[in-house]
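# Notes for the structure review
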Amino acid sequence: MNAPVRLNMAPKDPLLGTLKGRWGRCDRQQPSPRILLSAAGTAPQEGSTALSALSLAVEQTKACKKLISAQGRGRFLLRLALSRKILPQFITHLLHTPRVLEWYSPAVSILRNEEFLEPFMSLLLVLSHKEFKLVMENCSFLDESWLLPVYETYDVVPCRDVGLVLRYLRGRVFVLDLTPGSQADFDKFICRGDVIDEINGTSLRNSKSGQFGDKEVLQHAIPQVLQKNLQSKEVLLDLKETHLTCTERSSKVDLFVHHYPEISCVGRLNQPDYTIFAFCVADSPETPLSTGFCCVVLRARTIKECEEIVCRIATGFKHTEWFV
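What comes next is a walk through the structure. The residue numbering used here restarts from 1 in each chain and proceeds along that chain's sequence as written. It should be noted that, the model being predicted, local features are given only for residues of pLDDT at least 70 and side-chain atom pairs only at 80 or more, the latter also being counted only at that level, while totals for whole chains, interfaces and linings use all residues. Values shown for side chains rest on all heavy atoms present in the structure; no hydrogens or waters enter the calculation.

A few words on the overall build of the protein. Helix and strand content of the protein: nine helices and 15 strands. Burial classes follow relative accessibility: with a 1.4 Å probe on protein chains only, a residue under 20% of its type's maximum area counts as buried, one over 50% as exposed, and anything between as partly exposed. Expressed as a percentage of the 324 residues in the protein, the buried residues total 41%. Intrachain contacts of the protein at a sequence separation of at least 6 include 62% that bridge at least 24 residues. To measure how exposed things are, a 1.4 Å probe is used in the Shrake-Rupley method; for residues, cover is taken only from the protein chains shown. Of the roughly 19100 Å² of accessible surface on the protein, a fraction of 54% belongs to carbon and sulfur atoms. Helical segments are the DSSP runs of H or I of at least four residues, strand segments are the runs of E of at least two, and each set is numbered from the N terminus. Whether two residues touch is decided by their heavy atoms; if any such pair falls within 4.5 Å, the residues are in contact.

What follows is the structure, encoded as structure tokens:
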């Protein structure tokens, strides 16, 4: 693993605390975040520079892969607007967008209360003249809280073994331990409990879900593999604690070894005997942005055996520690 590795350390005082205000909504069905973002990001008319800045901020928010919730994207958009001094323009645009404004209740929302709206807009204008140097790289934590941890960058020198023992838990990669005498132990930069947020610009948020397909993909990929009529081999599949190995039964030659985090999905083919199963791995694991994948198709002896293997692979990730 080479530089850079982004880390999130123990929390400090946030640059931006919780925004408090009367932002209540009415009791009607809430509009989807996509509708709200699209409305706020309406294409600029007549060359409006302000609307261009708003649209750019909205598109950047929608494209951020570190965020998975509407709340996180909303917080990210507010921080982006503050740092770019365009928050007053956002609110002004909302006030002139009826299909968004109608979801705010006049009884509890500043946006629909004339008494509070004017001083609120004055406050936003004051804020637009302030410098907000907000760190945006650790935005994945906005899904849970406004309180963001300190963000550090660890540049790793080229080496065969960095010496990190990593554990995947609830969508994040934690440093479980450091190998004594390793490069990481020597650098004294990383500590137990740190969170690895990204590696070489690739976010590790929810990396368990994989970038190379899901179980629905298997229902298309498995028939394509079978239709190629490739020569089949009798193999032994050994499901270990952190990885699986596949060995040709006759020659005892290892055909492949895959650690559980490399496997993006696993499942059975929907057919009467339910003995055929498969899993997907990246074509080029060393290339984080690779979009291709390899589908490995196997047939178990019985339905029960097939089900047990699929369950073991699917749950293997929960018990996996990464040694980097």
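By secondary structure assignment, the location of R167 is in strand 5 (residues 164–169). A residue is classified by how much of its surface remains accessible, and R167, at 28% relative accessible area, is partly exposed. Here the alpha-carbon distance between R167 and G193, two residues 26 residues apart in the chain, equals 9.8 Å.

Here the focus is the pattern of salt bridges. Whenever Lys or Arg places a side-chain nitrogen within 4 Å of a carboxyl oxygen from Asp or Glu, that contact is recorded as a salt bridge. Per the counting criterion, the structure on display carries 10 salt bridges. Between K66 and D197 there is a salt bridge, and its shortest N-O distance comes to 2.7 Å. Taken together, the residues span a long stretch of sequence, with K66 in the loop between helix 2 (49–63) and helix 3 (70–83) and D197 in strand 7 (residues 195–199) at a distance of 131 residues. You can call D197 buried: its relative accessible area is 2%. Across the pair D185 and K188 runs a salt bridge whose closest N-O atoms are separated by 3.3 Å. Residue classification places D185 among the partly exposed residues on the basis of a relative accessible area of 23%. K188 sits in the exposed class, given a relative accessible area of 63%. In the salt-bridge network here, residues are joined through shared partners; they are K66, D197 and E198.

Okay, empty space enclosed by the protein next. Computed over the protein atoms alone on a 1 Å grid, cavities are sets of points where a 1.4 Å probe fits but cannot get out and pockets are open sets with protein on both sides within 12 Å along at least five of seven lines; a residue lines them when it has an atom within 4 Å of a point. Grid points are joined across faces, edges and corners, and a volume is the space filled by probe spheres set on the points. Evaluation of the coordinates by the stated rule reveals one cavity of 30 Å³ or more. In this structure, the largest cavity spans a volume of roughly 40 Å³. Elements with a minimum of two residues in the lining of the largest cavity: strand 6 (172–178) and strand 7. For the lining of the largest cavity, the element with the most residues is strand 7, which contributes three residues. Under this grouping Gly is polar, as are all residues other than the nonpolar Ala, Val, Leu, Ile, Met, Phe, Trp, Tyr, Cys and Pro and the charged Asp, Glu, Lys and Arg. When the residues that make up the lining of the largest cavity are grouped by side-chain class, the tally is four nonpolar, one polar and three charged.

Ordered by their spatial adjacency, three strands build an open sheet running 9-10-11, and the pairing between neighbours is antiparallel. What marks the edges here is a single partner per strand, and that holds for strand 9 (235–239) and strand 11 (254–259). With direction set aside, neighbouring strand axes in the sheet form an average angle of 10°. DSSP bridges decide pairing: two strands pair if at least two such bridges lie between them. For strand 9 and strand 10 (residues 243–248), the ladder comprises five bridges, and the chain directions are antiparallel. Within strand 10, the position partnered with L236 by the bridge is T247. Only the contacting stretch of a helix is used when fitting its axis, a line to C-alpha atoms as for every element, and angles between N-to-C directions run 0 to 180 degrees.

If you trace the backbone, E248 turns up in strand 10. For this count, His and the chain ends are skipped, Lys and Arg are scored as positive, and Asp and Glu as negative. An unpaired buried charge is present at E248: no salt bridge exists, and K233, the closest side chain of opposite charge, is 4.4 Å distant. Once you skip the residues sitting within four places of it in the chain, E248 turns out to touch K233, E234, V235, V253 and L255.

Reading across from one edge, 12-13-14 is the order of the three strands in this open sheet, with antiparallel pairing throughout. For this open sheet the edge positions go to strand 12 (263–268) and strand 14 (293–299), each flanked by a neighbour on one side alone. Mean inter-strand twist for the sheet, computed between neighbouring axes without regard to direction, equals 15°. Note: strand 12 against strand 13 (residues 276–282), five bridges, orientation antiparallel. Residue pairing across strands places V266 opposite F279, the latter belonging to strand 13.

To qualify as a nonpolar core, a set must consist of buried Ala, Val, Leu, Ile, Met, Phe, Trp, Tyr and Cys residues joined through side-chain atoms within 4.5 Å. Counting 33 residues, the largest nonpolar core has F76, F90, I91, L111 and L142 as the members making the most contacts within it. Elements with a contribution of two residues or more to this core: helix 2, helix 3, helix 4 (87–95), helix 5 (98–101) and helix 6 (114–127). When residues of this core are assigned to their parent elements, the largest contribution, five residues, is made by helix 3. The residues contacting F76, other than those within four sequence positions of it, are Q60, T61, L67, M136, C139 and L142. Counting residues in each nonpolar core, the second largest holds 17 residues, with L239, Y260, A300 and I313 among its members.

Compared with the 20 Å implied by 1.5 Å per residue over 14 residues, the 20 Å span of helix 3 between its first and last C-alpha is a close match. Along helix 3, the residues that are buried comprise G72, R75, F76, L77, R79, L80, A81 and L82. K85 sits one or two residues past helix 3 and shows a positive phi near 60°. Expected helix span is computed as 1.5 Å times (number of residues minus one).

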